Structure formats: C-alpha cells, structure tokens
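Here's the letter readout for the chains.
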Amino acid sequence: ERAVAVKLLLDYGDPRSVPRFQQEAQILARLHHPNVISVFDTGVDGGDRFIVMELVEGPTLRELLDTEGRLAPERAGEIASRLASALGFAHGKAVIHRDVKPSNVLLPPDGGVKLADMGIARLLSPEALTATLSVRGTALYISPEQVRGDRVDRRADLYSLGCVLFEMLTGATPFQDDTALGLAYRHVHDVVPAPSSVVEGVPAAVDA
C-alpha cells in the first residue's frame, strides 16, 4: 500500500549475473541510512532482474544545477556533507557506489538529500561496466583508477564526490572535453583547478 520505484537491470548475457545480482542486492537491502535510497525488495522475473526501492518525489541535483546554475558554498557544502555521510556508511558495509554523479542525487521536498543507485554498478556484468566508460555523463565524474581499470575502493567515490562538489560550486565540472575518451585522459593526467580560480568568493577551506 505504498508507491515505490522499480528499477529493471538489463541482462548482458553473463551466466553469472543472476546469482551475483541476488547476492549483491541482499547487501543493498540491508543499507539503512537517511541519505541513501532504501531498497525494499529484489527479485528475478523471467530473467528480468529488478530492484524495488523508495520513491523520492523531488528533483535530482542534475536538474537543480541545470535550472539554477552553481549553488552557494553553504548549500553545496551541506549537500556534499550528506553525500559523504551516505558514502561513509556504505563504505563501512563494504559497498562502493562507483557512479557518484548529480543525476544519482535526489532532493526531497523536505530539504533532505538522497543518494540513489548505491552499489548498483556491481550488479551489472563486466561488459556493462566497461560500457559505462563510453557514457559522457559518467565520464565527467569518473575516478582515474576506474579509467585505468585498477582496483576500485572508497577513494573512487570520494574523487567523484569531489567532482560533484566542484560543479556545485562553479557550475561546471573540473574537466571539459568533447569525447568521453578525452575526459578520461584528463582525469588521469590533468591537475584539478581550484574552484576559486573559476569562481570568485569560494572560501579557501572549500578549495582545500
């Protein structure tokens, strides 16, 4: 007797995907944090894998940034702090998000912050993970170790969160390029500029 959101995950033909999905989804269902979208149920129906989760009314951070541009440092810091709390909790449960970006951040009408798709990247096949590198929306926030194919831990999420905070403060992501490959190269080789060098008035502590 409640409205929910249902996410269907594509099957990329990996025979190990369903048992891995069931195991990982059970872990996600045990993550209870005020800044993480709650998972209520999971299952497989005729080969279709699905997750039943909390329905959040309200815009995504992507939509907010697209309509309002950059945020005041205080507001940006508040959102980033809540996301860091959500990630810290998940990391304590050995769950890495792997795809922190504004479209995965929901802003309920009560002023809260909710991180969606926690750990869902782990539910996809290796081929699907590789395919995400070609998606420009993800490449804007991807960590250098993900680009290189190295082992990914909590630091990858913190890097992506830093990119999101940079965009909240300046209205633009740290690196710009016309291609996902170019963006990936810049994440590995370029130095992130200080937000205050892009927008005046960003406090030194926020730069750090």
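Placed above this text is the structure.
Structural notes, computed from the coordinates. (Residues numbered from 1 in each chain as written. Predicted model: local features only at pLDDT ≥ 70, side-chain atom pairs only at ≥ 80, totals over all residues. Heavy atoms only, no water.)

## A short note on the side chain of His 187
What counts here: By definition, any uninterrupted DSSP run of H or I lasting at least four residues is a helix, any uninterrupted run of E lasting at least two residues is a strand, and each is numbered from the N terminus. Think of it in three bands: residues with accessible area under 20% of the maximum for their type are buried, residues over 50% are exposed, and the middle band is partly exposed, with areas taken using a 1.4 Å probe on protein chains only.
Among the structural elements, His 187 can be located in helix α8 (residues 180-189). Of the residues examined, His 187 reaches a relative accessible area of 3% and is grouped as buried.

## Side note on the sheet that holds strand β2 (residues 39-45)
Two pairing modes exist for strands in a sheet, parallel and antiparallel, and in both the strands are linked by backbone hydrogen bonds. To keep it simple, the criterion reads: At least two bridges found by DSSP between two strands is the condition for calling them paired. Axis lines are fitted to C-alpha atoms, over the contacting stretch for helices. Their N-to-C directions set the angle, which ranges from 0 to 180 degrees.
Spatially, the three strands line up as an open sheet ordered β1-β3-β2, and their pairing is antiparallel. Because the sheet does not close on itself, it has two edges, and the strands there are β1 (4-9) and β2. Taking the axes of each pair of neighbouring strands and ignoring which way they run, one obtains an average angle of 20 degrees across the sheet.

## Structural notes on the packing of helix α2 (residues 61-68) against helix α7 (residues 154-170)
Test applied: We call two directions roughly parallel when the angle between them is under 35 degrees, roughly antiparallel when it is over 145, roughly perpendicular when it lies between 65 and 115, and oblique otherwise. Crossings are assigned a handedness: left-handed for a near helix turned anticlockwise from the far helix by less than a right angle, right-handed for a clockwise turn. Whether two residues are in contact is decided by their heavy atoms, any of which lying within 4.5 Å being enough. Note that Gly is not counted as nonpolar here; it falls among the polar residues with everything else outside the nonpolar set of Ala, Val, Leu, Ile, Met, Phe, Trp, Tyr, Cys and Pro and the charged set of Asp, Glu, Lys and Arg.
For the pair α2 and α7, the least separation of the axes is 10 Å and the interaxial angle reads 25 degrees. Put simply, α2 runs roughly parallel to α7. You can see that α2 and α7 cross each other, and the crossing is left-handed. Every residue of α7 that contacts α2 at Leu 61, Arg 62 and Leu 65 is listed here: Val 164, Glu 167 and Met 168. Among the residues forming the contact of α2 with α7, the class breakdown is four nonpolar, no polar and two charged.

## Some words on the packing of aromatic side chains
Our working definition: Here the aromatic set is Phe, Tyr and Trp, taking the six-membered ring for Trp, and pairing holds for ring centres within 6.5 Å; pairs whose planes are under 30 degrees apart are stacked, those over 60 apart are edge-to-face, and all others are tilted. By the criterion adopted, a ring carries a charge over it if an Arg CZ or a Lys NZ lies within 6 Å of its centre and within 35 degrees of its normal.
Counting across every chain of the model gives zero aromatic pairs. In this arrangement the basic side chain of Arg 2 is found over the ring face of Phe 40, its NZ or CZ atom lying 3.8 Å from the centre.

## Some points on the pattern of salt bridges
Inclusion rule: A carboxyl oxygen of Asp or Glu within 4 Å of a side-chain nitrogen of Lys or Arg is what we treat as a salt bridge.
Per the stated rule, a full pass over the model turns up 11 salt bridges. In this structure, Glu 54 and Lys 114 form a salt bridge, with 3.3 Å as the shortest nitrogen-oxygen distance. You can see Glu 54 sitting in strand β3 (residues 48-54) and its partner Lys 114 sitting in strand β5 (residues 114-115), a full 60 residues away along the chain. Residue Lys 114 is classed as buried on the basis of its relative accessible area, which comes to 14%. With a shortest N-O distance of 3.7 Å, Asp 153 and Arg 151 are connected by a salt bridge. Taken together, the shared-partner salt bridges connect Arg 62, Asp 66 and Glu 167 into one network.

## Describing the packing of helix α3 (residues 73-92) against α7
Two elements in contact, α3 and α7, have axes whose closest approach is 10 Å; the angle formed by their N-to-C orientations is 165 degrees. Relative to α7, the element α3 is oriented roughly antiparallel. For the pair α3 and α7, the crossing hand works out as right-handed. On the side of α3, the interface is formed by Pro 73, Ala 76, Ile 79, Ala 80, Leu 83, Ala 84, Leu 87 and His 91, while α7 contributes Arg 154, Asp 157, Leu 161, Leu 165, Met 168 and Leu 169. Residue composition of the contact of α3 with α7, by class: 11 nonpolar, one polar and two charged.

By themselves these figures say nothing about function.
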